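What follows is the residue order along each chain.
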Amino acid sequence: MVTVVEENDICYSVNVMQSAISENFFKSGKSTDELVLRLGQRYEKNDIMSNYSKLRFEKELTKNSKALDKELHLQRLEQLRLLAEKLRDDAWQSDVELLTPPNWLNDNIIAFWFEYLENEVYKDHKKVLGFVCPQVVQYLKFGLPEDVKSTIEGLELDTKQYILFPVNDCRAQTVPGGTHWSLLAYNASENLFEHYDSYPGSCNLPVAESLAKVLAMFLRNSLKGGHPPVIQEMPCTQQVNTYDCGMHVICNAEGLCKKFTTQDKRPLTEIVPSSVVARSRESLKAIIYSLRK
């Protein structure tokens with residue numbers, strides 16, 4: 001089942017556990033799309049997961065039609081607005097309240113931001129940029145190779161040039177938890193995984209390395225020249241407190257997209273200084289509320 005931790009003293013992470021539903025799907029050999037869709041239907045709060053499968057199906061239907069691609073984009077924007085509405089509903093108000101310091105962000109807020117970047121800010125760069133929401137990343141960490149392959153192909157990540165994965169240090173498949181967020185990026189042209197961690201000495205690097213090893217078998221250019229990609233710790237602005245790791249992931253994700261799409265040569269620390277992180281909580285809250293208008 002899908003479990004979301006409710007305590008405020010940890011960074012939330014969704015776990016896809018091998019309950020009766022997921023075990024049956026694993027054994028039947030059915031696709032990740034079907035599993036995620038079933039999970040999303042049963043656990044209504046995790047709409048990102050059901051949206052993933054729905055958009056995957058819609059994209060297949062409209063793959064070769066520019067007119068229908070435009071219609072699909074409008075549908076995605078509408079789903080983004082619906083997600084923003086849910087974040088304003090009473091049932092989701094606790095998620096929005098996490099944007100008030102000193103709360104740590106959960107999956108839903110980071111997933112919303114990734115959807116917003118993909119379908120609004122960088123909608124003209126869909127062929128090169130890939131955004132993977134935390135719920136799917138958590139699934140990839142524990143998925144069987146064939147399920148990882150199905151997910152990557154379903155999201156067309158094997159065709160992207162630059163892909164972002166939010167990483168939580170929860171390592172248990174059957175126990176929810178996690179204490180820290182960081183950001184893993186795959187640069188296909190360099191055949192390089194880049195790890196951006198705002199907290200020195202965190203436990204996320206081994207988790208990111210493990211995820212990269214799983215992904216490397218299926219991503220574009222990942223076996224270029226017969227050599228697997230390397231993972232490299234990258235410089236980024238460091239936290240000035242103990243609770244802003246999720247905000248750093250959000251800000252770094254946008255900064256890296258800007259850097260990649262505009263060929264900005266400045267270091268990420270200059271694009272995303274502490275001042276940007278400090279004001280981004282209110283900015284993100286304003287975006288969520290504006291989308292409902």
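Residues numbered from 1 in each chain as written. Predicted model: local features only at pLDDT ≥ 70, side-chain atom pairs only at ≥ 80, totals over all residues. Heavy atoms only, no water.

Caption draft 1: Spatial organisation of the packing of aromatic side chains. Considering all chains together, one arrives at five aromatic pairs under this definition. Where F112 meets Y116, the ring centres are 6.2 Å apart and the plane angle is 20 degrees; that geometry is what we call stacked. With F112 and Y116 both in helix α6 (residues 107–121), this residue pair falls four residues apart, about one helical turn. Relative accessible area serves as the criterion here: at 0%, F112 is assigned to the buried category. Look at F114 and F131: their rings are 6.0 Å apart centre to centre, the planes differ by 85 degrees, and that puts the pair in the edge-to-face class. Here F131 lies in strand β3 (residues 129–131) and F114 lies in helix α6, a separation of 17 residues in the sequence. Judged by relative accessible area, which is 2%, F114 ranks as buried. Each residue in the set F112, W113 and Y116 is aromatic and connected to the rest through ring pairs, giving one cluster. (Phe/Tyr/Trp six-rings, centres within 6.5 Å; stacked < 30°, edge-to-face > 60°. Helix = DSSP H or I, 4+ residues; strand = E, 2+ residues; numbered from the N terminus. Buried < 20%, exposed > 50% of the residue type's maximum accessible area, 1.4 Å probe, protein only.)

Caption draft 2: Here's a closer look at the environment of N119. Looking at where N119 falls in the secondary structure, it is placed in helix α6. The exposure class of N119 is buried, given its relative accessible area of 1%. Here the side chain of N119 touches K126 through a polar contact of 2.8 Å, side chain to side chain. (Polar contact = N/O pair within 3.5 Å; in protein donor to acceptor, adjacent residues only side chain to side chain.)

Caption draft 3: Geometry of unusual backbone geometry. In this chain, P101 is followed by P102 through a cis amide linkage whose omega measures 5 degrees. Considering the arrangement of structural elements, one finds P102 in the loop between α5 (93–97) and α6. Of note in this structure, Q263 is not a glycine but carries a positive phi near 55 degrees. With respect to the element layout, Q263 can be found in the loop between α10 (245–262) and α11 (268–271). The class for Q263 is exposed, based on a relative accessible area of 52%.

So, to be careful, I would describe these as geometric facts and stop short of saying anything about function.
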